[in-house]
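Understanding the architecture of this molecule
For reference, the chains in residue letters:
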Amino acid sequence: MAATVFVTRPLPDPGVEVLRAAGLEVRTNAEDRPLTADELRAGVAEADALLCMLSDRVDEALVDVAPRLRVVANFAVGYDNIDVAAVRARGVEVTTTPGVLTDATADLAWALLLAAARNIGPGERLVRSGEWPGWSPTQLLGQPMRGRRLGIFGMGAIGRAVARRARGFDMEVVYHNRRALPPEVEAELGATYVSTDELLRTSDFVSLNAPLNDESRHVLDRAAFDRMKPTAVLVNTGRGALIDEAVLVDVLRERRIAAAGLDVYEFEPRVTEGLSTLDNVVLAPHLGSADVEARAAMVELCSRNIIEVLAGRPPVTPAPG
Ligand code: DGY
């Protein structure tokens, strides 16, 4: 009997063809919506492999209903939706998609940085409203990039790709990470290691690129926002819960920082009340990896991970830890 893969959402091209071509039986949630916990349990119960999304919670309770399960392939580089230790303790491998979405996510971070700094949101709303009176010397003046300091919190592959793009804007780059990068990597990126405190106090632009874990949850809380410059622009393409979103609403409303650009939300897909009525925040619907090349590569990498593990070989990109 062919091994079975359960896929929790319809996939972009090349879809499930890679899995089928490897002789696997594929069952897919045909509806483009997250499964309920019950539906996920029912879907995985008879499966040998699970290809899941960042919105699917995978923990020991789920694995316990799936006695045949051998691999969970997360369609994301972040894996805070999976209790990796508990799943691995039951002999099930966990994989993610590093590398293939680095540039897509760094591009999106820059799209938000520029949009927030240059008032693209309010400007677009003004033009669409039909009320635009025409060009004005005082209209929607934003923050320049050149010569300003970009602080990157989380200097993994995506943080580094964000740093590389800053060169083209003649910015100074500082970063904070669990560990400082080797000096030759810092030199290549033109980035200087600083404490979180210094990063927040001195940066004109702050980009969050860290994974979500117990250490990084609410790294931007009230005390952290109090340290930031009133002209600072904040961008989050990591995970929503890096920020205490209720505090962010107050901070933006009171203009204690200038603006923000968000791709991810603390209670995704719910957006904290008050956020969507503010003019100084750009809101994207978790588009970090959403370019055609990145998404196709994610499909291929998830598929390869599943094929390798089901063939008794090590996965290509196991989740860290
Ligand atoms: C990831 O892969 O973790 C991204 O957030 C998906 O867009």
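Residues numbered from 1 in each chain as written. Predicted model: local features only at pLDDT ≥ 70, side-chain atom pairs only at ≥ 80, totals over all residues. Heavy atoms only, no water.

1. Observations regarding helix H7 (residues 157–167)
Regarding H7, the residues found buried are Ile-158, Gly-159, Ala-161, Val-162, Ala-163 and Ala-166. Of the surrounding elements, those touching the buried residues of H7 are helix H5 (102–117), strand E6 (149–153), strand E7 (172–176), helix H8 (183–189) and strand E9 (205–208). (Buried < 20%, exposed > 50% of the residue type's maximum accessible area, 1.4 Å probe, protein only. Helix = DSSP H or I, 4+ residues; strand = E, 2+ residues; numbered from the N terminus. Contact = heavy atoms within 4.5 Å.)

2. Focus: the environment of Ala-290
Structurally, the position occupied by Ala-290 is in the loop between strand E12 (281–283) and helix H12 (292–310). Sequence separation between Ala-290 and Thr-4 is 286 residues; the distance between their C-alpha atoms is 27 Å.

3. Some remarks on the pattern of salt bridges
Inspection of the entire model under this criterion finds 27 salt bridges. Among the salt bridges present, the one from Asp-48 reaches Arg-68, with a minimum N-O distance of 2.7 Å. Separated by 20 residues along the polypeptide, Asp-48 in the loop between helix H2 (37–44) and strand E3 (49–52) and Arg-68 in the loop between helix H3 (60–64) and strand E4 (71–74) bring together distant segments of the chain. Residue Asp-48 is classed as buried on the basis of its relative accessible area of 10%. Connected through salt bridges with shared partners, the residues Glu-31, Arg-33 and Glu-39 form a single ionic network. (Salt bridge = Lys/Arg side-chain N within 4 Å of Asp/Glu carboxyl O.)

4. Looking at the domain arrangement of the protein
Along its sequence, the protein is carved into domain 1 (4–99 + 292–310) and domain 2 (102–283). Using C-alpha coordinates to define each centre, domain 1 is positioned 31 Å away from domain 2. Contact with domain 1, which involves seven residues of that partner, is made by six residues of domain 2. A buried area of about 450 Å², summed over both sides, lies between domain 1 and domain 2, and 51% of it is on carbon and sulfur atoms. Per-residue buried area on domain 1 facing domain 2 is highest for Leu-54, Asp-80 and Gly-99; these three make up 71% of the total on that side. Across the domain 1-domain 2 interface, the total number found is one salt bridge. With a shortest N-O distance of 3.0 Å, Asp-80 and Arg-239 are connected by a salt bridge. Here domain 1 is connected to domain 2 by two residue pairs in polar contact (both at pLDDT 80 or more). Looking at the side of domain 1 that touches domain 2 residue by residue, the class counts come to four nonpolar, two polar and one charged. (Domains from an automatic or database assignment. Buried area = accessible area lost by both parts, 1.4 Å probe. Polar contact = N/O pair within 3.5 Å; in protein donor to acceptor, adjacent residues only side chain to side chain. Nonpolar A, V, L, I, M, F, W, Y, C, P; charged D, E, K, R; others polar.)

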